[in-house]
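For reference, the chains in residue letters:
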Amino acid sequence: MAAAESDREVPSALCTEFLNFSAKDTALKWLQVTDLYKEVYQHLARYVPKIYCLGPNLNPQSEDLLAQLLLQAPLEWYLCGEDPSTGLAKLEQNNQPSQLCGHVFRVGEPTYSCRECAADPTCVLCMQCFLGSVHKEHRYRMTTSGGGGFCDCGDTEAWKKGPYCQKHEPNISDSCQEDPLAHLSTDMIARCYNVFAIVLKYAVDMLTWDKEDELPPGLEPPDRGDTYYCMLFNDEVHTYEQVIYTLQKAVNCTQKEAVSFATTVDRDGRKSVRFGDFAFCEQAKSVIVRNTSRQSKPLRVQVMHSSVVAHQCFALKALHWLGHVIGYSDALRRILCQVGLERGPEGENSSLVDTLMLCDSKMWKGARNVYHQLFMSSLLMDLKYKKLFAIQFAKNYERLQSDYVKDDHDREFSVTDLSVQMFTVPSLARMLITEENLMTTIIRTFVDHLRHRDLQGRFQFERYTAQQAFKFRRVQSLIGDLKYVLISRPTEWSDQLREKFLEGLDTFLELFKCMQGMDPVVRQVGQHIEMEPEWEAAFTLQMKLTHIISMMQEWCATDERVLIEAYKKCLTALTHCHSGFTDGEQPITLSMCGHSVDTIRYCVSQEKVSIHLPVSRLLAGLHVLLSKMEVAYRFPEQLPLSELSPPMLIEHPLRCLVLCAQVHAGMWRRNGFSLVNQRAHSVLWLQIYYYHNVKCRVEMFDKDLIMLQAGASMMDPNHFLMIVLSRFELYHIFSSADCRKSYNRENTNKDVVQQNNTLMEEMLHLIMMVVGERFEAGVGQVEGCDEIKREIIHQLCIRPMAHSELVKALPENENKETGMERVIDCVASFKKPGVTGRGLYELRPECAKQFNLYFHHYSRADQSKAEEAQRKLKRQNGEDMALPPPMLPPFSPLFASLVNILQCDVLLGMLGAVLQWAVEPSGGHWSESMLQRVLHLIGMGLLEEQQQLKNSSEDHDVSFNFTLKISRPGEAPSNTASVLALLENLQNAPHLEVHKDMIRWILKMVASIKTMRELTASTYTVTASGSHGQEEMVCDKDKAERKRKAEMARLRREKIMAQMSEMQRHFINENKELFQQSLEELYASTSTSLEHSPTSSDAALVCVGPRRSRPREKRQVVTCILCQEEQEIRADSKAMVLAAFVQRSTVMSKNRKRPPHDPEHYDPLFMHPDLSFGTHTGSCGHIMHSHCWQRYFEAVQAKEQRRQQRLRVHTSYDVGNGEFLCPLCECLSNTVIPLLPGTKGSNSCEQPGLGQWLKISGQQIKAMHSAHRKLQPVGVDAVEETVEEQCPATENFRIDYTPMSPYSSTIKEMLTTFGTATYKVGLKVHPNEQDPRVPIMCWGSCAYTIQSIERLLVDEDKPLFGSLPCRQDDCLSSLARFGSACWTAASQPSVQGHYIRLVAALIPDPQVETSPCILDIDMLHLLVSVVLSYGSVHSQDSSGLSVDAVQLHFFHLITVAHMVQMLLTSGPEEVTMEQESGGAEREEEEDICALYNTLRTHLGSSLPEVASGWHLWRCVKTGILPYLRGAALFFHHLNGVPTPPELHALCPGQWEVLCGYLSLPSNLLQLYHSQKELLEPLLYGWCSHPGVRQTLQEGGVLVSFPRESNSLIDLPDDYSALINQASSFTCPKSGGDKSRAPTLCLVCGSMLCSQSYCCQTELDGEDVGACTAHTFACGAGVGIFLRVRESQVLFLSGKTKGCFYAPPYLDDYGETDQGLRRGNPLHLCRQRYRKIQKLWRQHSVTEEIGHAQEANQTLVGIDWQHL
Ligand SMILES: [Zn+2]
Ligand SMILES: [Zn+2]
Ligand SMILES: [Zn+2]
Ligand SMILES: [Zn+2]
Ligand SMILES: [Zn+2]
Ligand SMILES: [Zn+2]
Ligand SMILES: [Zn+2]
């Protein structure tokens, strides 16, 4: 306890010393001394340990105060040479504020980047600058900052346009760049320099200090005690839980403290966990080390002397101080930069800045953050020193990166993270490349860290350990740096830049050489594969480099000389890779159709093949550039074109493409041997998937294709095709003399046949691509945007797509742009979304003709979807079904010869063969896709010829003569049919129905080309139009045919529809949500039309009282959804039940601050008007036999038990809690409500008036009182029996009579079931069917549910009756009838007891002690409860008193009470209101004044005086309406009376109809005035309740009527406003820390710190996150939140249920952005927000969660309770 003592003593001991201290004197002394350095150090040595670290509990406030007084103040005095408050102000006056904003981002703060003007995506603005910039009108991107980094406003290099916001716009008058130091005196500069040098040196000394028990020279404390800290450091190896557990053991702290320690360690990087003498701390250290060393390396712990810690604390403070002081003046900032970068005595790289950087990885997180911040506000804000700093940074680059790779902190805590601030500045990047050779440095550092090579020097990632994988991940940040350096292309090149870039390229090629051919695969023929191939590392490398490779090419494209040199270097590298390529292999000779070629012997299916060929692909890219930039034509002499060996160029890319084809053909799949085998195959499959995938294809598949095109364009097409055939291992098929005689006749192995067919299809596809893919600028003569247009068209040919889907399907460049926005409107039109779904782009119809079925980026699945969609479109338009190839742009000259592939002999031979096979389909195994491809190729040939003919000038002969070639007979075997003849033959083949349209199209083309050729010379145009006419005739005929077919199709469809409706019932089960709505509407309309058909049209309908209309006697028959049997609803028959869900609710709460009640002792009899907690009952409306349901539920239970035993799978429902899913619609339910018959109307004879009834009622109550007293054990606070009216024994009231329950046993059982469930859920207690509160809870739930439905109807602008879905009608009827019957299942005396107390609230009863005052009673609840409880009293009445009469009396009484309640709470008159309604309601106004004045006589001045009745009557009339409507719903459902048609619409005159239906006078005041004498005493009684006066005088919580419906909170229109709000939100528990997952409660607007240890609390003995905890306080277990960082709505229910829901924020494309990944600006969609609000108001949130969890099982596994 020594620590605690010193804690108390020290300040007082030092007090005098501190008080006598003068900063000014100290500074003056310093000005005199010669060795200032020594003097200041002495000062620090003396004071720092006296201020800092005096005890275990640091008290930063007092420390900071003292530090300011004793340490900073003298420094400031010295610095200014006068009082710092004036000195600093002077400095500030001369300050030239930086034009850079430099605002450093908090974690989670919104940042903005302009997609049009930003130099690269790392250029961002803070919210303030953004709002004041031109970019807010541009296309911008919004993201949330990960912390660190600063606003680039004012940096002219960061923005192509609008670099300044309004605030940072430079002032033109003083824009001259003068030296900031010019304003300072030389004295001042010198002093400043001195102070900064000493303070910075001190801070660097201390932060990089690594001794635990010693201090640097000059800082040794005058007296040192035995006080130590046990300091725990952060690492990324140990989990939070491990640390917490260890700390609890080691330092004996509570879990809470341990959590707080762990949180601080995680945040600051270190935290002292114990303070005391050395031994005490050592002991803790050893426990921690011992406890954590078992699994991994131990946690880092140091025992440090308190003076060391103290100086380190002050060192941080000193850095803060420096940052603060330089904020006053740019001159001071510049001096600090100078001090920091000044070379130290050790020479090169020894400045203080260097020292800090080089020690970065040794420092703790907190220290790093502080000095990084200082760098940002000093070095990076001064343009001159930014450059010098960048040079130092580059010089140290290799060392820093190596340190970082070894370190285990995230990159954001490393100094290397500052690279982005310098490398992205184009001028700096270029300077660093030329002067510091940065490009080479980065690549070399990168290569140095990848040490795993095979014998050929290629990377090898096999046997790759987790540790290496970790390192590999960190090394990847170097690629990021390289990307920054390359991101802006140079506009002009210096020789030096050329030299250094090419040097960098050399290093880059070295890297590529290590990748070329890495990770090769070999097809396994045996059964055994030793180990799983490790492919991810290699592929990650490829993927990460993709953009770099593209950027390198873009750099080359800006300078001819660089391009030529790069091309040469790349070719040399490729040649190097290929050395030894043909060694020792005899070439083989291939010959076909009279051509022959030599090639190497190689089989993809037998030898090694690699998918990684970066050198070849880079060369392909450069080759295209030669063509695009026309270098190839202008400087052919400088190019090594003669060195190119086309067969060598194509060899590896071709192998790679063949590998893909073989995998598709299933050749690499080993039939079901080991798991490893299968995994090997799926790994290969994945690689091929990525090879084609949009993320990689640009630098993989696309470039391989280009390389084939480049190679083929330099070869004889016949040779090229033979080599292709050979690599596809198909050569033997086509080369045989009789290949036309189906090749497969002899081959009986079905698998092999199938494989060959697929390979052939793939090969034909490849030929199409080589000839047809001309949209890369340089390959074909196209513009830059043609390529992207074509991509979009082909995506939209599959189906209309949302913006995000399109973005995903298109390759992004390094700026994350696809270029789509520029062209999308030319090819697509946008359709806006509705309340669900998203906005979609649809293809413009005129673009459909550009559709190419064999588009090279289609996957097979895409292709078939697109084919289907396009055929469907054609059918709809009544066009023929052919999908011919589209017109293509011409090739660039370098690639022009590729078209000859189409008319070469080898291809024609192949085409002929396939057609021949198709003619004789029985003969062999050909495939339709094969034929389809052949037809497509023929179509391409014809189109090419047509194009060339059209474009040729008259005298120029077109050498491309495809029509001639296909008309010639086949060559081998001699004189077989020509291709054309075969086609004509196939035209009528019955088995080729699908291809007929295409063949017809081809033949028409041939005809038209022939005519064209014949008339080439002169009448070309005439022919064209002539052939056109011919086409039309054919068309008409076709149309008629098509019409007939369409009619047939329609008939067929109708037949199918009929069958469909048969199946629908089954279908509904599976698609319930879709159907729910429409079915309900259907039911609702039929049931209303039945019920409300004018039964008694002349007599007005009345729902309550002796005059109430009789319900039509109709037998109610329902069908059980489980056994399908019908059953009549009767009291004595089998029970039928409705699936129901009971939940606690605060949806209507007017007081969310009311603390939850103690469930065991809470008395729920009276509901407070604030409705703070209620119990809601809902139902999906599905009816079952009770016994069927029981059997079903038992089965569910049993299944659940089995499931839990086997594997711990969670379900969306909690069987243990009585939950189940409705067997029909899978709606979440937790109980069932029995269906009961309606009450029969009594034959009303003469009924007593109010006066008489009050008397009867009074007597009955007295009788019950005395009867109940008898039942009570004697002595229990029995009311004194003073009066002798022992048992007045009113005749006709048989108090001893016990009525028989009219219900069958199963109904009785269900009465208990539902009652108990409502009780259990509503009070959150254990079920107890005996508890007297059971019936109260049921009545309450009935009233609450009615109120909630009444509100919903108002909110949705729906009429009171006829608009509810039948499930709600059924639910309300059952609830009301249940309520009136539930007393039969409870003890009669207790129900009567409730009745007595309820009545006593209206009619004061001296025997009831505590009745609430009428201001504290919700009147609808009272009405429902009193009416429903009356049954228990009535059962003993034999006087003929009708229930109806009693209901009416109660209703009138409560209505009067409600009016009084409103008059008491009606606020002061609003003067602005327009008065005088014109006398129509004069009578009401006078009456209400009279009533009000009566109340004033009782209450006096507590009630304000009111001048006119108009205001009062307004208040009462609007206030009472919800109550009247609720009462109408209640009596309608209880008594089953039909409803008046006027209430089925929202027409005027509702008031009168409603009053009539409720048997009320439309002037409600008559209720009072007609019975004044009887009511006067009651009125007096209500007013004299002490609670009334008290509440009125205190002006206490008065709920005013009508109660407004609750809404979800208002949200801002712009989502970034929310992000901003959340970014300044700090965790309420960890002292000003930023919250990681700020989450907004949409119900009450609280911001919470979710998903974090710091804010976990305990709830019923379990740890829960802030959201779950809040849910119980705010929403009675149900919560609706917005996760601000994620832009995601969160629904929670209880502790275990939850789901995510689409947020109400949409971008301009009508899409949400869950996770904020795309960054498009988001705006509130009110419609969607209303939809969420409706779910909430309807109490459907839990149901929604249930459906979501059923649909997506992964949601069930989420740990919702910790959110
Ligand atoms: Zn800014
Ligand atoms: Zn700005
Ligand atoms: Zn802009
Ligand atoms: Zn049944
Ligand atoms: Zn259901
Ligand atoms: Zn809330
Ligand atoms: Zn927190």
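Refer to the structure presented above.
This report concerns the structure included in the present document. Owing to the predicted nature of the structure, the values given are computational and were not obtained by experimental measurement. (Residues numbered from 1 in each chain as written. Chains lettered and ligands numbered in written order. Predicted model: local features only at pLDDT ≥ 70, side-chain atom pairs only at ≥ 80, totals over all residues. Heavy atoms only, no water.)

1. Observations regarding the overall build of the chain
At step 1: The helix and strand tally for the chain stands at 61 helices and 25 strands.
At step 2: The buried share of the chain, reckoned over its 1763 residues, is 56%.
At step 3: For the chain, restricting intrachain contacts to residue pairs at least 6 apart in sequence, the fraction spanning at least 24 positions comes to 76%.
At step 4: Taken as a whole, the chain presents about 77200 Å² of accessible surface, with 51% of it coming from carbon and sulfur. (Helix = DSSP H or I, 4+ residues; strand = E, 2+ residues; numbered from the N terminus. Buried < 20%, exposed > 50% of the residue type's maximum accessible area, 1.4 Å probe, protein only. Contact = heavy atoms within 4.5 Å. Areas by Shrake-Rupley, 256 points an atom, 1.4 Å probe, with all protein chains shown as cover.)

2. Some words on a nonpolar patch on the surface
At step 1: Residues Trp-685, Leu-686 and Tyr-689 make up a contiguous nonpolar surface patch of about 300 Å² in total accessible area.
At step 2: Following the sequence through the fold, Leu-686 ends up in helix 27 (residues 675-692).
At step 3: Relative accessible area serves as the criterion here: at 32%, Leu-686 is assigned to the partly exposed category. (Patch = residues over 30% accessible without salt bridge, like charges linked within 9 Å, V, L, I, M, F, W, Y side chains within 5 Å. Salt bridge = Lys/Arg side-chain N within 4 Å of Asp/Glu carboxyl O.)

3. Some details on the side chain of Ser-927
At step 1: Topologically, Ser-927 is positioned in the loop between helix 36 (905-919) and helix 37 (928-951).
At step 2: Engagement of the side chain of Ser-927 in a polar contact is seen with the side chain of Glu-761, the distance being 2.6 Å. (Polar contact = N/O pair within 3.5 Å; in protein donor to acceptor, adjacent residues only side chain to side chain.)

4. Re the coordination of the zinc ion (ligand 2)
At step 1: Looking at the zinc ion (ligand 2), one finds its protein donor set to be Cys-129 (SG), Cys-153 (SG), Cys-165 (SG) and His-168 (ND1), positioned 2.0 to 2.3 Å from the metal centre.
At step 2: Of note is the zinc ion (ligand 2), whose four donor atoms meet at the metal with angles of 100 to 115° in an arrangement that counts as tetrahedral.
At step 3: Read in sequence order, the donor residues coordinating the zinc ion (ligand 2) give the pattern C-x23-C-x11-C-x2-H.
At step 4: Taken as an interatomic distance, the gap from the zinc ion (ligand 2) to the zinc ion (ligand 1) is 4.2 Å; Cys-129 donates to each of them. In this pair, Cys-153 sits in the loop between strand 2 (140-146) and helix 7 (186-207) while His-168 sits in the loop between strand 2 and helix 7, placing the two residues 15 residues apart along the sequence. His-168 matches Cys-153 in its accessibility class, with the two residues each being buried. (Donors = N, O, S within 2.8 Å, 3.2 Å for Na, K, Ca; no water. Tetrahedral: all angles 85-135°; square planar, octahedral: opposite > 155°, others 65-115°.)

5. A short note on unusual backbone geometry
Note on backbone geometry: most residues besides glycine have negative phi, and most peptide bonds are trans.
At step 1: Between Phe-1601 and Pro-1602 the backbone carries a cis peptide bond, its omega angle lying at -5°.
At step 2: Looking at the element boundaries, Pro-1602 is found in the loop between helix 56 (1586-1594) and helix 57 (1615-1623).
At step 3: Look at Cys-593: it is not a glycine, yet its phi comes out positive at around 45°.
At step 4: Note that Cys-593 resides in the loop between strand 6 (588-592) and strand 7 (595-599).
At step 5: With a relative accessible area of 26%, Cys-593 lands in the partly exposed category.

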